[in-house]
Amino acid sequence: MKKVWDGRIKKHLDKDAEKFNASVSFDKRLFKYDILASIAHAKALYKAKIISNEEKNKIISGLKLLLKKEKKINWSKYEDVHSAVEIELTKLIGNTGKKLHTGRSRNDLIATDEKLFLKEEIKMIKKLLLNLLKTILSLAEKNRKNFMPGYTHLQQAQIISVSHWLLCYFQKLKRDYELLIFIEKRMDHSPLGSGALAGIGFNLDRLYIAKELGFKGITENSMDAVSDRGFITEFLYFTAITATHLSRLAEDIIIFNSNEFSYIEIDDSFATGSSIMPNKKNPDIAELIRGKTGLFYGYLISIFVMLKGIPMSYNKDMQEDKKPLFDAVDEMKSILLIIEKFIKNIKFNTEIITRNINKSYMFAVDIVDLLVKKGLPFRDAHFITGQLIAYCVKHNKSLKDLTENELKNISKYFDKDIYKLLNAEDSVNSKQTYGSTSEKSINNQIINARKFIKDET
Ligand code: ARG
């Protein structure tokens, strides 16, 4: 098959080498962006008086026509999307098409296409993430008066409101959202006009091209521009950390949904059954979110490994950046879409949770705090409360079951005022610090979260 470099390389490329070398099967996804970049480039060629107005118009209308004919292109004939566009354009408009590649290289073109693609995808991912944040926030607003055990080491630790648990995820995902905005800003520089690596021998107005393409600015160094894939790495890091947070949420849901916990119930429309065990209702959606998280780490690592040893500047290794990028974009969008619908439909079994809280020993810190307020040193208060809990465990009693006599027998410092501590709402509201689980703090967290959402919408 005819190649763009046939003037230099005299033999036809070996059939298998040709297949191995080609990226068209996946980079054809960049077709639209390659056309947009080409239109902007043609305009700049005209502005620099390299092509005539007529040639520019011919090229642009040819490119626009080509965009409509995407489905008719026989992609397998081409090495990559760039040669496909150039050759197909030439077929459409004749020899003028051959002028399009003046003053550019596939090296600055691919970096531009990828940035254009990613900028558009980031916009969609931001929408999906913001939607998820909204859903988490509205669940948090509804659950201010519902309580649950908070865990450390997966041991019941202290009572929290369900809102506190939800807002914990809100904060993590909000940081991810802010990170994405930061990444979006950092990548907003057009590489076009950098050429192969050294710049272009024509006076192309790079700022004009950037503006045409919606970039905020232009890259500073042509060698950096064609060799940089930091913007992809940063995006993949964003997907990795976001997936990590979603995986932890999924894991919480899986645990809370187990028969042993039964704190929450997954809606039937998001649960799957077993082919053999009629009793099963499985949280497949949450498990898949947890399972897919590993993919994102893989995508990130593969780009790092691809980049770390290649000499400046462009090397063909970099062609391999597309599969992880495309897969990460697709997987992230599908996870964000599904988890939002999934959590919107979960039900909290407040009765079971309350029963669990009441027979738990999670009031221990509240008891310690009470003793400290009465003047006992913290360490001593901790010790005797520990004895109190050990007594309860030994005699299989809840704190509520203890008689005043039993309390006094354990320590003279214990009094019946302890009974007043033993309810979830007071326990939660006894927390006084900024950011705590108390209702006052939750209300404040919700106000700030609402403001954040409003500013972003
Ligand atoms: N398909 C190539 C890639 O994705 C385009 C750039 C090719 N450049 C080159 N000098 N062979 O990286």
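Residues numbered from 1 in each chain as written. Predicted model: local features only at pLDDT ≥ 70, side-chain atom pairs only at ≥ 80, totals over all residues. Heavy atoms only, no water.

Draft legend 1. Spotlight on the overall build of the protein. Each helix and strand counted, the protein has 18 helices and six strands in total. Since a compact globule built from 457 residues should have a radius of gyration of about 23 Å, the 31 Å found for the protein marks it as more spread out than a globular shape. Judged by the C-alpha coordinates and their principal axes, the protein covers about 100 × 50 × 40 Å. A burial count over the protein gives 49% of its 457 residues as buried. Put simply, 75% of the contacts in the protein that link residues at least 6 apart link residues at least 24 apart. (Helix = DSSP H or I, 4+ residues; strand = E, 2+ residues; numbered from the N terminus. Rg over C-alpha atoms; globule rule 2.2 N^0.38 Å. Buried < 20%, exposed > 50% of the residue type's maximum accessible area, 1.4 Å probe, protein only. Contact = heavy atoms within 4.5 Å.)

Draft legend 2. The site of the ligand, seen in detail. Taken together, Ser 23, Asp 27, Asp 80, His 82, Arg 106, Asn 107, Ile 110, Tyr 314, Gln 319 and Lys 322 make up the full set of residues adjacent to the ligand. For the ligand, a nitrogen atom lies 3.4 Å from a polar atom in the side chain of Arg 106. In the model, a nitrogen atom of the ligand is placed 2.9 Å from a nitrogen or oxygen of the Asn 107 side chain. Contact with the protein chains hides 87% of the accessible area of the ligand, taken as 350 Å² for the molecule alone. No other element matches helix α6 (residues 106–142), which puts three residues into the shell around the ligand. Broken down by class, the residue content of the shell around the ligand amounts to two nonpolar, four polar and four charged. (Near = heavy atom within 4 Å. Polar contact = N/O pair within 3.5 Å; in protein donor to acceptor, adjacent residues only side chain to side chain. Areas by Shrake-Rupley, 256 points an atom, 1.4 Å probe, with all protein chains shown as cover. Nonpolar A, V, L, I, M, F, W, Y, C, P; charged D, E, K, R; others polar.)

Draft legend 3. Seen up close, the side chain of Glu 114. Structurally, Glu 114 is set in helix α6. What Glu 114 contacts, discounting residues up to four positions off in sequence, is Leu 30, Arg 229, Phe 231, Ile 232, Asp 321 and Lys 322.

Draft legend 4. Examining helix α18 (residues 439–456) more closely. The first and last C-alpha atoms of α18 sit 26 Å apart over 18 residues, in line with the 26 Å expected at 1.5 Å per residue. Along α18, the residues classified as buried are Ser 441, Ile 442, Gln 445, Ile 446, Ala 449, Phe 452 and Ile 453. For α18, the arc enclosing every buried residue in end-on projection is 135°, short of the 170-degree limit, so these residues lie on one face. Facing away from the buried side of α18, by more than 90 degrees, are the exposed residues Lys 440, Ile 447, Lys 451, Lys 454 and Asp 455. In the core, the buried residues of α18 are packed alongside α6, β2 (155–161) and α7 (162–186). (Expected span 1.5 Å × (residues − 1). Arc of directions from axis to C-beta.)

Draft legend 5. Representation of unusual backbone geometry. Cis geometry is adopted by the peptide bond preceding Ser 313, which originates at Met 312 and carries an omega value of 5°. Tracing the backbone through its elements, the reader meets Ser 313 in the loop between α11 (284–308) and α12 (322–344). Even without being glycine, Lys 49 reaches a positive phi, approximately 60°. With a phi close to 55°, Ser 262 is a non-glycine residue in the positive phi region. Note that Ser 262 resides in the loop between α10 (230–257) and β5 (264–265).

Draft legend 6. Up close: the environment of Ala 240. Take Ala 240: it is sitting in helix α10. For the pair Ala 240 and Gly 298, spaced 58 residues apart in sequence, the C-alpha to C-alpha distance is 9.0 Å. Aside from chain neighbours lying at most four places away, what touches Ala 240 is Phe 296, Tyr 297 and Leu 300.

Draft legend 7. Inspection of the packing of aromatic side chains at higher detail. All told, the structure shown has 16 aromatic pairs when counted by the stated rule. Seen in terms of ring centroids, Tyr 33 and Phe 117 are 6.0 Å apart; in terms of plane orientation they differ by 80°. Their pairing is edge-to-face. Highlighted residues: Tyr 33 in helix α3 (residues 31–47) and Phe 117 in helix α6, separated in sequence by 84 residues. Given the relative accessible area of 1%, Phe 117 is considered buried. Here Phe 256 and Phe 261 contribute two aromatic rings whose centre-to-centre distance is 5.9 Å and whose plane-to-plane angle is 45°, an arrangement assigned as tilted. For Phe 256, a relative accessible area of 5% translates into the label buried. Ring pairs connect the aromatic residues Tyr 151, Trp 165, Tyr 169, Phe 256, Phe 261, Tyr 263 and Phe 348, which therefore count as one cluster. Sitting over the face of the ring of Tyr 208, Lys 47 holds its NZ or CZ atom 5.0 Å from the ring centroid. Over the ring of Phe 452 we find Lys 174, and its NZ or CZ is 5.3 Å from the ring centre. (Phe/Tyr/Trp six-rings, centres within 6.5 Å; stacked < 30°, edge-to-face > 60°. Lys NZ or Arg CZ within 6 Å of the ring centre and 35° of its normal.)

Draft legend 8. How the structure looks around a nonpolar patch on the surface. A cluster of nonpolar side chains, namely Leu 197, Met 223 and Met 312, defines an oily patch on the protein surface of about 280 Å² accessible area. Of note, Met 223 is situated in helix α9 (residues 222–227). (Patch = residues over 30% accessible without salt bridge, like charges linked within 9 Å, V, L, I, M, F, W, Y side chains within 5 Å. Salt bridge = Lys/Arg side-chain N within 4 Å of Asp/Glu carboxyl O.)

Draft legend 9. Local environment of helix α8 (residues 206–213). Taken together, the buried positions of α8 are Arg 206, Ile 209, Ala 210 and Leu 213. Considered in projection along α8, the buried side chains sweep an arc of 100° and stay on one side of the axis. Opposite its buried face, α8 presents the exposed residues Leu 207 and Lys 211, each directed more than 90 degrees away. Lining the buried residues of α8 we find α3, α6, β3 (189–190) and β4 (217–218). The N-capping residue of α8, defined by a side-chain oxygen 3.2 Å from the backbone nitrogen of Leu 207, is Asp 205. Immediately beyond the C-terminal end of α8, within one or two residues, lies Gly 214, with a positive phi of roughly 80°.

Draft legend 10. Main features of the pattern of salt bridges. For the coordinates displayed, the defined rule picks out 32 salt bridges. Glu 79 is paired through a salt bridge with Lys 316; the nearest N and O atoms lie 3.0 Å apart. Taken together, the positions of Glu 79 in the loop between α4 (53–68) and α5 (81–93) and Lys 316 in the loop between α11 and α12 put the pair 237 residues apart, joining distant regions of the chain. On the basis of relative accessible area, Glu 79 is assigned to the buried category, the value being 8%. Of the charged contacts, one joins Asp 188 and Lys 119 as a salt bridge, the two residues approaching to 2.7 Å between their closest N and O atoms. Pair noted here: Asp 188 is in the loop between α7 and β3 and Lys 119 is in helix α6, with a separation of 69 residues, a long-range link. In this structure, Asp 188 and Lys 119 share a single accessibility class: buried. Through salt bridges with shared partners, a single network forms among Glu 79, Asp 80, Arg 106 and Lys 316.

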